[in-house]
Amino acid sequence: MKKMISLALVIVLMCTTLGVCFAETPGMRSSNYFHCYGTNMSDAGNGVLSITFSCVGMGVCSQLGVATYSVEKLNDDGNWEDVSGLLNGQTGSNTAAYAFGRYFYGVSGETYRLNVTFCCTLNGGSEYKAYTSASITLD
């Protein structure tokens, strides 16, 4: 059932990314490869973080998506600590836009953020963009 919900979410978000990315940082248009990229995180309840990654290329890309990502938790000292290790992302081939979702099982009351490396291969060249998301506190 979770896969069906995730698939439905990805389809809806793919339609959305054609007009708008969830990028939280301005100035994404300075790239010859990416039109925009970013993440959307929401509290799915019971300590579960629902994550959606999305990006739009500057044309039909040979490869487009997320190379790697990690989840960080805000610790009691006010520092961010990696709680997931480096995780493999997901990419699409021969596409102008790509989105996919993941769940992360955290702890209610904790604050999380993402470190993501987006990747794009277009016209024989490649670009990788490092991205840090806004934070979210799980209920």
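This is a predicted model, so every value here is computed, not measured.

## With respect to the nonpolar core
Ranked by internal contacts, the top residues of the largest apolar core, which has 24 residues, are Leu49, Phe53, Val116 and Phe118. Of all the elements, strand E2 (residues 48-74) adds the most residues to this core, at nine residues. With residues up to four places along the chain from it excluded, the contact list for valine 116 reads Thr39, Phe53, Val66, Thr68, Tyr69, Lys129, Ala130 and Tyr131.

## Brief notes about the environment of leucine 86
Following the sequence through the fold, leucine 86 ends up in the loop between strand E3 (80-82) and strand E4 (87-88). Take leucine 86: its relative accessible area is 66%, and that puts it in the exposed class. Through-space distance from the C-alpha of leucine 86 to that of asparagine 115 is 9.3 Å; in sequence the pair is 29 residues apart. Setting aside chain neighbours within four positions, we find leucine 86 in contact with Thr68 and Tyr69.

## Thoughts on the pairing of strand E6 (residues 111-122)
Most of E6 sits out of view: nine of its 12 residues are buried. Here E2 runs beside E6; their pairing, made up of 10 bridges, is antiparallel. Residue pairing for E6: glycine 65 is matched across the bridge by cysteine 119. Relative to strand E8 (residues 136-137), E6 is paired through two bridges, and the arrangement is antiparallel.

Calculation notes
- For every chain, the first residue of its written sequence is number 1, and the numbers climb from 1 along that sequence.
- Given that the model is predicted, a residue must reach a pLDDT of at least 70 before its local features are reported, and side-chain atom pairs must reach 80 or more before they are shown or counted; all residues, however, enter totals for whole chains, interfaces and linings.
- Side-chain descriptors were evaluated using all non-hydrogen atoms of the structure, hydrogens and water having been removed beforehand.
- What we call a nonpolar core is a set of buried Ala, Val, Leu, Ile, Met, Phe, Trp, Tyr and Cys residues that are connected through their side-chain atoms within 4.5 Å.
- Type-normalised accessible area, obtained with a 1.4 Å probe on protein chains alone, sets the label of each residue: buried when under 20%, exposed when over 50%, and partly exposed for intermediate values.
- Every helix listed is a DSSP run of H or I at least four residues long, and every strand listed is a run of E at least two residues long, numbered separately from the N terminus.
- For this analysis, residues touch if any pair of their heavy atoms sits within 4.5 Å.
- Each pair of strands is called paired provided DSSP finds at least two bridges between the two strands.

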